[in-house]
Amino acid sequence: MKKCLFLLVLVSQLAFSGISQHAPASDTSWKTVYRETAPRINNLVHTKLDVRPDFSKQWLHGKAWLTLRPHFYPTDSLTLDAKGMEIKKIALVKGTTQTPLQYKYDDWQIRIQLGKTYKANESYTIYIEYISRPDEFEKKYEIDQMLGMKGLYFINPTGEDKEKPTQIWTQGETESASVWFPTIDKTAQKTTQELTVTVDDKYVTLSNGKLVSQKKNTDGTRSDTWKMDLPHSPYLFFLGVGDYAVIKDTWKGKEVNYYVEKEYASVARRIFGNTPEMMTYFSKITGVEFPWVKYSQITGRDYMAGAMENTTATIHQESAQQDARELVDGNSWEGTIAHELFHQWFGDYVTAESWSNLTLNESFADYSQTLWEEYKYGQDAGDAENYSGLQNYLQSGSEEKHLVRFFYGDKEEMFDQVSYQKGGRILHMLRNFVGDSAFFKAINLYLTTYKFKSAEAHQWRLALEEVTGRDLNWFFNQWYFNSGHPTVDISYVYDDAYGKATIIVKQLQKSGKYFRLPIAVDIYNGNQKTRHTVWATNAVDSFHFSYTKRPDLINVDGDKVMLWNKKDNKTLENFIHQYNYAGKYLDRREAIEFAARNQTNANARALLVKALNDPSDILRRVAINSLDLSNSNTKQAVETVLANLAKNDKKSLVRADAILKLGEFEKADYADLFKKATADSSYTIAGAALISLSAIDPEAALAIAKELVKQPSKGLLTSAIMGEIVKSGDESYAEKIISDFAKLPVSQAKFESVATVSAYLAAVSDLKTFKWGIDEIVKFRNAIPAAYREQTDPYINGQLLTPLLQNKTKETFCRC
């Protein structure tokens, strides 16, 4: 699963506030509860389901045939997870005979007496007739998590909302599959599967495995049967129903399909079309050809968890559906597509045996984004993705959490920047330490050894040790089974008289534990590089190197792979040499950021000017956005380059940033450029141009905004249009602004729109309109998952709603 909702916002807020996402401080009982792997008394063998959704009641009528056998010890009983169901019948099946069984049910689990004792080699089949009632279950137990625990979601089931399609989708992770079918809802369980679903003939369906039959019924319904012959975990079961366009692709004769809302059919291949190439690449690097019978991807309205790697049937939130103008800026969902696909190996083929070991699923999926970017777009792109993950973790305030965590408040808490981004960066270090050949061979050994089984972190270690012949307990003990990361201060002393350079590495982390760090040190004279490897293990380590000519640069962590917070006490001249000769993405980024802090220096300005034409479009954007135009020398040095980038750069996001920065010049000379760019095919360029035009010609900007508001818009263009209308105070646009906001899904984009809507409402005089706008903001606030509201409520309530309400009449308070 890739949980991306509000991630960007929350990371920055958590870093600023010092709040981390964990159990309330008043409840520390979880610290004494060891989260062991669930015991296996009975093992699932095969799961057969026959289900029929009732859209009017939001129920699922189901029949289940579960074949099981004891794990090892003989047993005469079976405990199944079955949440919030109405149980109609439970029986033992032998041939055509069904024998009713005694059972007890408490809304969460069914405890069944089997009527005899079964040994480990004896299989038995249980039949259960039931009704799944997810909404009643959720309300009864006041469940409110990222996706609740309801497992089964009916979207606009009666079709009352004409702006939203009718859909069904399921979400099994973590242990919510047992809301829509009875099972042993644990990650270590593996079962083959057969599912028949009966729906209105107008809908398409999707489930795990292959569609083996479709039968039209006399009542206008159709029964689709999906069969999965390879075993997988119950939380990976999926059912999707809706009025989708199905775009068909293939990979080595296997079906690869993309289920999208019909308006996105024309761009579905632009969104998902790299999937077959990804399957080829991931098959190559793992040495395991994509193991499943097909691979489909589907979008789900109101799906708020980013995406989920259900075996052969990944679901993506609706944000994956980008229109043609959004795709001009690139496919923002490509990393998520890679992430979920790699889960088909790490998570589905081999599954973490417990939530404590979740990083075995998520760190590999997270790291697949780096691997894909590196393969498809080059080393800079891969390094940029890796750096983004590093920053995401470092800013999360998660230093106290172990990667493999046997103590936690709730299993949902495992889905954080430690299991994902920190784990991914640890894999990056590990790959560098053992080398590519050994790393990928160990991946192959791990996957082939534990295929269709579950595994824990030690088994990943053993695979690495088998391949490399090295004891890696030290690495796993400090990175997998411990917390934190190094915070280092690196300084340099040069003694020209003795021809000796000393590097001093201080570990300053507050934990008092010191990491064992293998560090590559590159020493440069001109473009000549000499590499040394040193080990930092103490609070302070000093490393000495002889020279005949003082080095132009000593570059600690020459491959830029370390997971650490670093203060590197280099000079500007060192950083300039690093930019020019060390060459890696992070080498150049560090140099750009140092120069940006020293723009009063002519050499620093010269580096920034050079960086505006860096080979990496990401670094060009970093350079543009670091320019301090209050410095007249910087302003003079960069104007011509910025104008050229605004007109000619191949990357739309670079052009957009250059246009925004040119807007800060407030020169009428650029009015024609800005006006023309407001019609660009990129929403981002058009929005940037409108913002910059407003700085020099507000009347023209407002006139263009009033035309653009009649057309579809997204992202920065929407914000820019709303910004102009807000400044104008024109209340005739209230219905469009508020209704457009109301239609947005619960998402990062909607969160970012709240401030603009609030600013508009501040200028509104009509009380009815004002209350409508307030109601929509409150609806959105309340729809944000509870896991995030501790962070979002203070912003929405304290910084937006309260000031608004204080300036209006008391009547406006009634709905809040």
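What you see is a predicted model, and the numbers here were worked out from it, not measured in a lab.

## Some points on the side chain of Arg605
Here is step 1 of the chain: With respect to the helices, strands and loops of the structure, Arg605 is situated in helix H15 (residues 602-611).
Here is step 2 of the chain: Although Arg605 lies buried, it forms no salt bridge, and the closest oppositely charged side chain, Asp628, sits 9.7 Å away as judged by the N-O distance.
Here is step 3 of the chain: Ignoring anything within four residues of it in the chain, the contact list for Arg605 reads Gln599, Thr600, Asn631, Asn633 and Thr634.

## Focus: the confidence of the model for the protein
Here is step 1 of the chain: The predicted model of the protein has a mean per-residue pLDDT of 93, with 95% of residues at 70 or higher.
Here is step 2 of the chain: Ignoring residues within four places in sequence, the model shows residues 5-25, a span with pLDDT below 50, making 48 contacts including any to other chains.

## Thoughts on the packing of aromatic side chains
Here is step 1 of the chain: One pass over the structure, following the stated rule, counts 56 aromatic pairs.
Here is step 2 of the chain: Stacked on the ring of Phe433, the Lys or Arg Arg470 has its end atom at 5.1 Å from the ring centre.
Here is step 3 of the chain: Positioned above the aromatic ring of Phe741, the side-chain terminus of Lys750 is 4.9 Å from the ring centre.

## Observations concerning the sheet that holds strand E11 (residues 191-200)
Here is step 1 of the chain: Pairing is mixed in the open sheet, where 8 strands are placed in the order E5-E4-E8-E2-E1-E11-E14-E13. Looking at strand neighbours, the two that pair on one side only are strand E5 (97-100) and strand E13 (210-216), the edges of this open sheet. Adjacent strand axes in the sheet meet at a mean angle of 20° when their direction is disregarded.
Here is step 2 of the chain: Taken together, the 6 bridges between E13 and strand E14 (residues 221-232) define a ladder with antiparallel strand orientation. Bridge pairing in E14 places Lys210 opposite Lys227.

## Considerations on the pattern of salt bridges
Here is step 1 of the chain: The final tally for this structure, using the stated rule, is 49 salt bridges.
Here is step 2 of the chain: The closest approach of N and O atoms between Asp522 and Lys529, which form a salt bridge, is 4.0 Å.
Here is step 3 of the chain: Shared partners join several salt bridges into a network, and the residues in it are Asp201, Lys216, Arg222 and Asp224.

## Brief notes about the sheet that holds strand E23 (residues 487-495)
Here is step 1 of the chain: Strand order in the open sheet formed by 4 strands is E27-E24-E23-E29, with mixed pairing between adjacent strands. The open sheet is flanked by strand E27 (540-546) and strand E29 (565-568), the only strands paired with a single partner. Strand-to-strand twist of the sheet, defined as the mean angle between neighbouring strand axes without regard to direction, takes the value 20°.
Here is step 2 of the chain: Pairing of strand E24 (residues 500-507) with E27, which is carried by 7 bridges, proceeds in the antiparallel orientation. Of the residues in E27, the one forming a bridge with Ala501 is Phe545.

## Some points on helix H18 (residues 652-663)
Note on helix geometry: an α-helix contains 3.6 residues per turn, so any two residues three or four positions apart are oriented the same way.
Here is step 1 of the chain: For H18, with 12 residues, the first-to-last C-alpha span of 16 Å sits near the 16 Å given by 1.5 Å per residue.
Here is step 2 of the chain: Counting buried positions along H18 yields 10 of 12 residues, so the element is predominantly enclosed.
Here is step 3 of the chain: What H18 keeps buried is the set Ser652, Val654, Arg655, Ala656, Asp657, Ala658, Ile659, Lys661, Leu662 and Gly663.
Here is step 4 of the chain: Against the buried residues of H18 lie helix H16 (617-626), helix H17 (632-648), helix H19 (671-677) and helix H20 (683-696).

Cut-offs and rules
Residues numbered from 1 in each chain as written. Predicted model: local features only at pLDDT ≥ 70, side-chain atom pairs only at ≥ 80, totals over all residues. Heavy atoms only, no water. Helix = DSSP H or I, 4+ residues; strand = E, 2+ residues; numbered from the N terminus. Buried < 20%, exposed > 50% of the residue type's maximum accessible area, 1.4 Å probe, protein only. Lys, Arg positive; Asp, Glu negative; His and termini not counted. Salt bridge = Lys/Arg side-chain N within 4 Å of Asp/Glu carboxyl O. Contact = heavy atoms within 4.5 Å. pLDDT = per-residue confidence, 0-100. Phe/Tyr/Trp six-rings, centres within 6.5 Å; stacked < 30°, edge-to-face > 60°. Lys NZ or Arg CZ within 6 Å of the ring centre and 35° of its normal. Pairing = 2+ DSSP bridges. Axes fitted to C-alpha atoms, helices over the stretch in contact; angles between N-to-C directions. Expected span 1.5 Å × (residues − 1).

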